[in-house]
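# A look at the structure
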Protein chains: 2
Amino acid sequence: MSVAGTRLTKQKSLILDLILGTKCHPTADWVYQEARQHIPDISLGTVYRNLNALANQGLIREMNYAGSSSRYDGDVSQHYHFTCQSCGNVFDLPLEAFTMIDNLVEEQEGHSVEAHRLEFYGTCKTCKIEEKQ
Amino acid sequence: MSVAGTRLTKQKSLILDLILGTKCHPTADWVYQEARQHIPDISLGTVYRNLNALANQGLIREMNYAGSSSRYDGDVSQHYHFTCQSCGNVFDLPLEAFTMIDNLVEEQEGHSVEAHRLEFYGTCKTCKIEEKQ
DNA sequence: TTAGTAATGAGAATAATAACTATATATTCA
DNA sequence: TGAATATATAGTTATTATTCTCATTACTAA
Ligand SMILES: [Mn+2]
Ligand SMILES: [Mn+2]
Ligand SMILES: [Zn+2]
Ligand SMILES: [Zn+2]
C-alpha cells in the first residue's frame, strides 16, 4: 500500500499501526515513546514527518490545538470529539455531521463554507463520578 | 474602571481602545504595531500581558489557533466566526448559539458539557468574486 | 513622603514542530 | 545481478508565538 513516489518504510508502517491500534487519540510524543520500544533509534523528526505524510494520504487524521500538542486519530470517518478538561482524555461522539449549519452560513452571509470545526469541552462521565467522592 | 489590585495604565487603556476600535479581530502583533504609534517604547510583552489580563477580566475575547497567532475580539457577546482561507480575514456570523448540541452530547454520552467551539472555514464573499475574474 | 504594590521594557526561556544535512535504504532498469 | 537514482532516516538546528524573569519605574494610600 504505497502511493507513487512514497515508500512504506518500517518506521512509517509501525507509526500507522500504533495509531490504528489505539483509541486514545495520541500525541506525536506518545507515538514516539511507543515506537522506540520497537525501533529504539527512531527519531522524533521521523515520527512527525510520517504523521504528516499519513495525514496527507488521508490514512489518519490530525487534530490540532493552540498551546498543546496535536492528537492523531486512526478513525478518519466523520465524527466529533469531546475533551475532558479534568483528565485530558478525548472521546469520540457518535453525532452525525451538522451539514445544515454550513448551509445556514452560506445562505445568511454569502461566504462559501468548505468545513467547520466543532468540538466539545467539559467534564467526562468518569471524572464527574470522581468529583462527587 | 479597575479591579482591586490592578491598575489601568496608559498601556492597558490604549490596548483596550485599539481592540474596541476595530472589527478586524487583530493579532497581538497588530495591536503592538498600532500601539507603538502612540507609545513608541511599549513592549510586546506588555501587549501580551494586557491582552491576557483584559481577556481574564472578560473585557475582550481571545481566539486561539494552532500554528498561527491568536486573535482578539472586542465584542464579547456570543457569536461564531468564519475564517477565509484565501484572504485570512475573520468575519462575524450572526448565528444564535447552538445550545441544543451541548444537550445532545450530555444526553447521548453522559459527559457534562461546559462549552463548545464552532468555527467555519472557506472562501469569503469578496474572494469568491475575485476568483471568477 | 514614604513604604508598599503593581506594571513596565528588555531580553531570555519555552515548547511544539519544521527544516536541514549527511548517511542509509529502497527502487529502477542496464 | 549491480550501478544509478530516488526517497527516507537519524541527529541536529531553526522557527515562531508566547511566557517568564528581573531590574526599574509608576501608582497608591497612610
Ligand atoms: Mn476520534
Ligand atoms: Mn467577532
Ligand atoms: Zn475526565
Ligand atoms: Zn477572503
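Residues numbered from 1 in each chain as written. Chains lettered and ligands numbered in written order. Predicted model: local features only at pLDDT ≥ 70, side-chain atom pairs only at ≥ 80, totals over all residues. Heavy atoms only, no water.

## Some thoughts on the side chain of Thr123(A)
Put simply, the rule is: Put simply, DSSP H or I for four residues or longer makes a helix, DSSP E for two residues or longer makes a strand, and each gets a number counted from the N terminus. Summary of the burial criterion: residues with accessible area below 20% of their type's maximum are buried, those above 50% are exposed, and those between are partly exposed, where the area comes from a 1.4 Å probe applied to protein chains only. Note on contacts: a residue pair is in contact if any heavy atoms of the two residues lie within 4.5 Å.
Following the sequence through the fold, Thr123(A) ends up in strand β5 (residues 112-123). Residue classification places Thr123(A) among the buried residues on the basis of a relative accessible area of 13%. Other than its neighbours up to four places away in sequence, Thr123(A) contacts Phe82(A), Cys84(A), Ser86(A), Lys128(A), Glu131(A), His111(B) and Ser112(B).

## Side note on the interface of chain A and chain B
As a reminder of what qualifies: Buried area adds together the accessible area that both of two parts lose upon being put together, with accessible area traced by a 1.4 Å probe. By salt bridge we mean one thing: a side-chain nitrogen of Lys or Arg within 4 Å of a carboxyl oxygen of Asp or Glu. Definition of a polar contact: a pair of N or O atoms within 3.5 Å, with one able to donate and the other able to accept a hydrogen when the atoms are protein atoms, and with sequence-neighbouring residues admitted only if both atoms are side-chain atoms. Asp, Glu, Lys and Arg are counted as charged, while Ala, Val, Leu, Ile, Met, Phe, Trp, Tyr, Cys and Pro are counted as nonpolar; the rest, among them Gly, fall into the polar class. For two strands to be treated as a pair, DSSP must find at least two bridges joining them.
Between chain A and chain B, the residue contacts involve 34 residues of the former and 34 residues of the latter. Across the chain A/chain B interface, buried area totals approximately 2,900 Å², and carbon plus sulfur atoms make up 64% of it. Summed over the shared surface of chain A and chain B, the number is 0 salt bridges. Our enumeration of links across chain A and chain B arrives at 14 residue pairs in polar contact (both at pLDDT 80 or more). If you list the elements that add at least two residues to the side of chain A that touches chain B, you get β1 (61-65), β4 (90-93), α4 (99-109), β5 and α5 (125-131) of chain A. Broken down by element, the residue count for the side of chain A that touches chain B peaks at 12 residues, all from β5(A). In terms of residue class, the side of chain A that touches chain B is built from 17 nonpolar, 9 polar and 8 charged. When β5(A) meets strand β5 (residues 112-123) of chain B, the two strands line up antiparallel, connected through 11 bridges. Across the sheet, Ser112(A) pairs through a bridge with Thr123(B), a residue of β5(B).

## Here we look at the coordination of the manganese ion (ligand 2)
All names here are of chain B. What counts, and what does not: Here the term donor refers to an N, O or S atom within 2.8 Å of the metal (or 3.2 Å for Na, K and Ca), and because water is left out of the atoms, sites may appear incomplete.
Those protein atoms acting as donors to the manganese ion (ligand 2) are His-25 (NE2), Asp-73 (OD), His-79 (NE2), His-81 (NE2) and Asp-92 (OD), and they sit at 2.0 to 2.3 Å. One chain supplies every donor for the manganese ion (ligand 2), spaced along it as H-x47-D-x5-H-x1-H-x10-D. The exposure classification of Asp-73 matches that of His-81, with both residues buried.

## Comments concerning the UniProt feature "binding site: Fe cation" (unreviewed entry) in chain A
For clarity, the cut-off: UniProt positions are given in the numbering used here, feature names are shortened, and annotations may be inferred rather than shown by experiment.
UniProt annotation of "binding site: Fe cation" (unreviewed entry) refers to His116(A) when read in the numbering used here. Among the structural elements, His116(A) can be located in strand β5. Once residues within four sequence positions are removed from consideration, His116(A) is found in contact with Tyr80(A), Phe98(A), Ile101(A), Asp102(A), Leu118(B), Glu119(B) and Phe120(B). Of note is the side chain of His116(A), whose polar atom sits 2.8 Å from the side chain of Tyr80(A).

## What to know about the coordination of the zinc ion (ligand 3)
Residue and element names in this part refer to chain A. Counted only if it meets this: Geometry is assigned from donor-metal-donor angles: four donors are tetrahedral when every angle falls between 85 and 135 degrees, four are square planar and six octahedral when opposite donors sit over 155 degrees apart with all other angles between 65 and 115, and any other arrangement is irregular.
Within the protein, the zinc ion (ligand 3) binds to Cys-84 (SG), Cys-87 (SG), Cys-124 (SG) and Cys-127 (SG); these donor distances fall in the range 2.2 to 2.4 Å. Viewed at the metal, the 4 donor atoms of the zinc ion (ligand 3) are separated by angles of 104 to 118°, and the geometry they form is tetrahedral. Binding-site remark: the zinc ion (ligand 3) is held by donors from one chain whose sequence spacing is C-x2-C-x36-C-x2-C. Taking the relative accessible area as the measure of exposure, Cys-87 reaches 35% and is therefore partly exposed.

## Concerning the sheet that holds β5(A)
Convention followed: Here an angle of 0 to 180 degrees is reported between the N-to-C directions of two axes, which are lines fitted to C-alpha atoms, with helices fitted over the stretch in contact.
Within the open sheet, the 6 strands sit side by side as β4(A)-β3(A)-β5(A)-β5(B)-β3(B)-β4(B). Their pairing is mixed. Of all strands in the sheet, those with a lone pairing partner are β4 of chain A together with β4 (90-93) of chain B, marking the two edges. Within the sheet, the average angular offset between the axes of one strand and its neighbour, ignoring direction, is 30°. When strand β3 (residues 80-84) of chain A meets β4(A), the two strands line up antiparallel, connected through 4 bridges. Bridge assignment links Tyr80(A) to a residue of β4(A), and that residue is Leu93(A). Here α4(A) sits on the sheet in contact with β5 of chain A together with β3 (80-84), β4 and β5 of chain B, set at roughly 130° to β5(A). On top of the sheet, helix α4 (residues 99-109) of chain B reaches β3, β4 and β5 of chain A together with β5 of chain B; it is set at about 130° to β5(B), its chief contact.

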